[in-house]
Amino acid sequence: MQEKLCDTLKREGQGHVLRFMDGLDDAGKAALEAQIASLDFAAIDRMKALLASGRTSSVDLNGLEPAPVAEPDESARAKAAKRGEEELRAGCVAVALVAGGQGSRLGFDGPKGSYPIGPISSKPLFHFHARKILAMSRRYGADIPFYIMTSETNDAATRAHFEENGFFGLKPENVRFFKQGMWPALDPDGRIILDAPGHIFMSPDGHGGILSAMKSQGVIDDMAARGISTVFYFQVDNPMVEVASPEFIGLHLLAGAEMSIKVCAKRDPQEGLGMVVSRRGRCEMVEYSDFPDDLKNRRRENGDLYYKFGSVAIHIFSFDFLRREAEAAMPIHVAHKKIPFVDEAGAVVKPDKPNGYKFEKFIFDVIPEAKNVLNVAFDRAEEFSPVKNAEGNDSPATCRRDLVAKWRRWFNECGVNVPDGAVIEIDPAFANSPKELMARLIGGFVPVFDGRVFE
Ligand code: UTP
């Protein structure tokens, strides 16, 4: 072990990390050394300060009001779509996908993006995301680079999945993977937790880790070199998203916003969406778990929820804003969790109640830094059905149901009657909107609803 690393650990009060060192073989020592070298002690100091402050939430609930939400009419949306199309045609749009999470609620073995969601084909979530980018890139005759954030846990498997699937038709040079950072967990005394004698427990640093990862891994430079000015951001678990929608891009650009947020009316007060709020005229978002029940349940006279709109993590960032924020330190959030640890004798213990703290950064913490923020309402039936849980709400079953219902509406809009109970699936590269489906029908496509995929 390098002396310098040992000294740093001791100086930081983390010397216990080395206590099983003598029992490790050379490979074990090298692996532990690499973990120690990756530790960000400045961030760990901030984590310790957060624990010492006794606050489990860094959120101040004073002076909050619901944020203003734009609900543009048809003509404003059509005008915006034209502006967004110009941006796409000019090749100035990139797509950023956060796919570094652990998907623990779903309990699927593999990157969440490889989860089979196609109602007929069982094609993975990544297929739907990538094929939409392919469709948009073809429609506007321009490259749309696709940046995928992975984490240490799923990076190799994600890359392999894209290779095995021929990058879903995208040009490999336009798909770029980058790894987010990993953070240790701390015990109540601020000591790093080991989950095996020679191993530090580490977990991804949250979706907000995208900013520092974009900087440290050359994504910011790559976007600058490609002349990107607008970045569409979304999450891996929602195959309903209208990726790089010209309308949303146009609304963002015409509003002169540095960040835009799609919001929808919450299904019920307890739905786990980020709350879009404002304080002294500036927008912010508060994680639903930090929002007290009395505020969640508050209603207006007409029965609407007072805090009616939630964010579904579909955003647009101006590139300059991302570049600026990638230089800044983001707030840190803490969660009390069950974390496997080694006891004094070196035996691994799986606790049955929370014993330590995990830390994360959230992307929405940049909102107050944006010069201008646009919140836009959208119809959740069209664009939001995430795969979060194995069963029940927001599960694969509800997501497939909602995908089929959406494609059914597209056929109905085109004047085609779909038999009751028919399962439908459309490859986004075949038709990515009712308009494109109509063009296929006019071109001679005759749909047969016998369980085949339209592709
Ligand atoms: P979630 O908050 O749903 O977390 O992430 P998760 O890890 O996917 O699932 P659970 O909570 O363990 O069940 C929302 C989005 O943010 C990404 C996820 O991949 C998903 O697209 N994410 C989350 C990251 O990229 N990195 C993280 O550290 C956390």
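Please refer to the structure higher up on the page.
Residues numbered from 1 in each chain as written. Predicted model: local features only at pLDDT ≥ 70, side-chain atom pairs only at ≥ 80, totals over all residues. Heavy atoms only, no water.

**Considerations on the overall build of the protein**
Broken down by element type, the protein carries 14 helices and 18 strands. The globule rule puts the C-alpha radius of gyration for 455 residues at 23 Å, and the 23 Å found for the protein is close to it. Here the C-alpha coordinates of the protein stretch approximately 75 × 55 × 45 Å along the principal axes. Of all 455 residues assigned to the protein, the portion counted as buried reaches 56%. Counting contacts in the protein only where the partners sit at least 6 residues apart, residues at least 24 apart contribute 76% of the total. Side-chain charges in the protein split into 57 positive and 65 negative, and the spacing between the mean points of these groups amounts to 2 Å. (Helix = DSSP H or I, 4+ residues; strand = E, 2+ residues; numbered from the N terminus. Rg over C-alpha atoms; globule rule 2.2 N^0.38 Å. Buried < 20%, exposed > 50% of the residue type's maximum accessible area, 1.4 Å probe, protein only. Contact = heavy atoms within 4.5 Å. Lys, Arg positive; Asp, Glu negative; His and termini not counted. Charge placed at Lys NZ, Arg CZ, Asp CG, Glu CD.)

**Some words on the pairing of strand E2 (residues 93-98)**
In terms of burial, E2 is largely enclosed, as six of its six residues are buried. Of the two faces of E2, the one carrying Val-93, Val-95 and Leu-97 and the one carrying Ala-94, Ala-96 and Val-98 are both buried. Across six bridges, E2 lies against strand E9 (residues 230-235) in parallel orientation. Bridge pairing in E9 links Val-93 to Thr-230. Relative to strand E3 (residues 146-150), E2 runs parallel, the two being bridged by four bridges. Bridge assignment links Val-98 to a residue of E3, and that residue is Met-149. Crossover E2 to E3 through helix H5 (residues 125-140) is right-handed. (Pairing = 2+ DSSP bridges. Right-handed = clockwise from strand over helix to strand, strands pointing away.)

**Quick notes on the site of the ligand**
What surrounds the ligand is a group of 19 residues, the closest being Val-98, Ser-104, Arg-105, Gln-180 and Lys-388. At 2.8 Å, a backbone N or O of Gly-100 approaches an oxygen atom of the ligand. Isolated, the ligand exposes 560 Å² of accessible area, and the fraction of that covered by the protein chains is 86%. (Near = heavy atom within 4 Å. Polar contact = N/O pair within 3.5 Å; in protein donor to acceptor, adjacent residues only side chain to side chain. Areas by Shrake-Rupley, 256 points an atom, 1.4 Å probe, with all protein chains shown as cover.)

**A short note on the pattern of salt bridges**
Counting across every chain of the model gives 32 salt bridges. Glu-258 is paired through a salt bridge with Arg-324; the nearest N and O atoms lie 2.9 Å apart. Here the residue Glu-258 occupies a position in the loop between helix H9 (246-254) and strand E10 (259-265), and Arg-324 occupies one in helix H11 (residues 319-325), the gap between them amounting to 66 residues. As a salt-bridge pair, Arg-401 and Asp-402 come within 3.0 Å of each other at their nearest N and O atoms. Residues joined in a network through salt bridges with shared partners are Arg-267, Asp-268, Glu-271, Arg-380 and Asp-394. (Salt bridge = Lys/Arg side-chain N within 4 Å of Asp/Glu carboxyl O.)

**Regarding the packing of aromatic side chains**
For the structure shown, the criterion picks out 19 aromatic pairs. Taken together, the ring pairs connect Phe-126, Phe-146, Phe-162, Phe-167, Phe-168 and Phe-177 into an aromatic cluster. It is Lys-262 that lies over the ring of Phe-248; its NZ or CZ is 4.8 Å from the centre. When the ring centre of Tyr-306 is taken as reference, the NZ or CZ atom of Arg-298 above it lies at 3.8 Å. (Phe/Tyr/Trp six-rings, centres within 6.5 Å; stacked < 30°, edge-to-face > 60°. Lys NZ or Arg CZ within 6 Å of the ring centre and 35° of its normal.)

**As for the nonpolar core**
One finds Val-95, Phe-146, Ile-148, Phe-162 and Phe-232 to be the most contacted residues of the largest nonpolar core, which totals 41 residues. A total of six residues in this core trace back to one element, the largest contributor, which is H5. Setting aside residues up to four positions removed in sequence, Phe-146 forms contacts with Val-95, Leu-97, His-129, Ala-130, Ile-133, Phe-162, Leu-170, Asn-174, Val-175 and Arg-176. Of all hydrophobic cores here, the second largest spans 39 residues; its members include Ala-94, Val-231, Phe-309 and Phe-317. (Core = buried A, V, L, I, M, F, W, Y, C linked by side-chain atoms within 4.5 Å.)

**Some remarks on the packing of helix H4 (residues 74-89) against H9**
Two quantities define a packed helix pair, namely the angle between the helix axes and the distance between the axes. The geometry of H4 relative to H9 is characterised by a closest axis approach of 6 Å and an angle of 95° between their N-to-C directions. Looking at the two axes, H4 sits roughly perpendicular to H9. Two secondary-structure elements touch here, H4 through Ala-76, Arg-77, Lys-79, Ala-80, Ala-81, Arg-83, Gly-84, Glu-85, Glu-87 and Leu-88 and H9 through Pro-246, Glu-247, Ile-249, Gly-250, Leu-251, Leu-253 and Leu-254. Considered class by class, the residues forming the contact of H4 with H9 number nine nonpolar, two polar and six charged. (Axes fitted to C-alpha atoms, helices over the stretch in contact; angles between N-to-C directions. Parallel < 35°, antiparallel > 145°, perpendicular 65-115°, else oblique. Nonpolar A, V, L, I, M, F, W, Y, C, P; charged D, E, K, R; others polar.)

**A closer look at helix H6 (residues 155-164)**
Within the span of H6, buried status applies to Asp-155, Thr-158, His-161 and Phe-162. Relative to the axis of H6, the buried residues are bounded by an arc of 130° and lie together on one face. Facing away from the buried surface of H6 by more than 90 degrees, the exposed residues are Ala-156, Glu-163 and Glu-164. Contacts from the buried residues of H6 go to H5, E3 and strand E4 (175-179). A positive backbone phi angle near 55° is found at Gly-166, which sits one or two residues after H6. (Arc of directions from axis to C-beta.)

**Re helix H2 (residues 26-37)**
End to end, H2 covers 16 Å across twelve residues, agreeing with the expected 16 Å (1.5 Å per residue, within 8%). Looking at H2, one finds that the buried residues are Gly-28, Leu-32, Glu-33, Gln-35 and Ile-36. Projected onto a plane normal to the axis of H2, the buried residues spread over an arc of 160° and lie on a single side. Facing away from the buried side of H2, by more than 90 degrees, are the exposed residues Asp-26, Ala-27 and Ala-37. Close packing links the buried residues of H2 with helix H1 (3-11), strand E7 (199-200) and strand E8 (202-204). (Expected span 1.5 Å × (residues − 1).)

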